[in-house]
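# Per-entry structural report
As a plain string of letters, each chain reads:
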Amino acid sequence: MPLSLAALDDLFEAFEDLRDVLDGTDAVAIDIASNRVAHAAQAVRAIGAWRSDAAVLARLNAMLPMLNSARIRVNLLADHANQRLSMLSAHGSSHAPLTYGR
């Protein structure tokens, strides 16, 4: 398997892990998974010729629905967290639940 396809597989697995932990409330796991996605994306960017490789482009196009799903989930959860933090600030910490569990 070419290096670029292996890097894409790592990126795909990193996004799958991120999607899995986003369903929970473990902020540390979310941070770790986010960092893994960032490192995997950087590894893909570091491969200079990936844009000209048809197999890589096909793999990226196959990954797009999952990548968009993760992006949408992150945006929804960020919005939800912002709403909860606004509620917390409006009503005081004794009236609103914590955004993340401990």
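Residues numbered from 1 in each chain as written. Predicted model: local features only at pLDDT ≥ 70, side-chain atom pairs only at ≥ 80, totals over all residues. Heavy atoms only, no water.

### Concerning the pattern of salt bridges
The cut-off we apply is this: Any Lys or Arg side-chain nitrogen located within 4 Å of an Asp or Glu carboxyl oxygen qualifies as a salt bridge. We count a stretch as a helix when DSSP gives it H or I for four or more residues in a row; a strand needs E for two or more, and each element gets its number in order from the N terminus.
Overall, the coordinates contain four salt bridges when judged by the stated rule. Residues glutamate 13 and arginine 36 are paired through a salt bridge, measuring 3.7 Å at the closest nitrogen-oxygen approach. Placement of glutamate 13 in helix α1 (residues 3–22) and of arginine 36 in helix α2 (residues 27–46) is noted, with a sequence separation of 23 residues between them. As a salt-bridge pair, aspartate 17 and arginine 36 come within 2.0 Å of each other at their nearest N and O atoms. Of this pair, aspartate 17 sits in helix α1 while arginine 36 sits in helix α2; the two residues are 19 residues apart in sequence, bridging distant segments of the chain.

### Here's the deal with the environment of alanine 38
By secondary structure assignment, the location of alanine 38 is in helix α2. As for alanine 38 and leucine 11, which are separated by 27 residues in sequence, their C-alpha atoms are 8.7 Å apart.

### Let's talk about the environment of valine 37
For clarity, the threshold we go by: Exposure classes here rest on a 1.4 Å probe applied to the protein chains alone. A residue is buried below 20% of its type maximum, exposed above 50%, and partly exposed in between. The contact criterion used throughout is that any non-hydrogen atoms of two residues lie within 4.5 Å.
One can find valine 37 in helix α2. Residue valine 37 is classed as buried on the basis of its relative accessible area, which comes to 11%. With 19 residues separating them in the primary sequence, valine 37 and leucine 18 have C-alpha atoms 7.6 Å apart. Leave out the neighbours within four places in its chain, and valine 37 touches Leu11, Ala14, Phe15 and Leu18.

### A short note on the nonpolar core
Short version of the rule: By nonpolar core we mean a set of buried residues, namely Ala, Val, Leu, Ile, Met, Phe, Trp, Tyr and Cys, connected to one another through side-chain atoms within 4.5 Å.
Counting residues in hydrophobic clusters, the biggest one holds 21 residues, and the most contacted among them are Leu8, Leu11 and Phe15. Counting residues per element, the ones that place at least two in this core are α1, α2 and α3 (54–91). Among the elements that take part in this core, α1 stands out by supplying eight residues, more than any other. Leaving out residues up to four positions away in the same chain, leucine 8 has contacts with Val44, Val56, Arg59, Leu60 and Met63.

### Quick notes on α2
One turn of an α-helix holds 3.6 residues; hence residues three or four places apart share an orientation. Under the convention used in this document: How far a helix is expected to stretch is found by multiplying one less than its residue total by 1.5 Å. It is the directions from the helix axis to the C-beta atoms that the arc portrays. Here a polar contact is recorded for every N or O atom pair within 3.5 Å, except that within protein the pair must consist of a potential hydrogen donor and a potential acceptor, and residues adjacent in sequence are included only if both atoms are side-chain atoms.
Between its first and last C-alpha, α2 extends 28 Å over 20 residues, near the 28 Å set by a 1.5 Å rise per residue. Within the span of α2, buried status applies to Ile30, Ala33, Val37, Ala40, Ala41 and Val44. The buried residues of α2 occupy one face: seen down the axis, they fall within an arc of 100°. Residues of α2 that are exposed and point over 90 degrees away from its buried face: Val28, Ile32, His39 and Ala46. Between the side-chain oxygen of the N-cap and the backbone nitrogen of valine 28 there are 3.1 Å, and the N-cap of α2 in question is aspartate 26.

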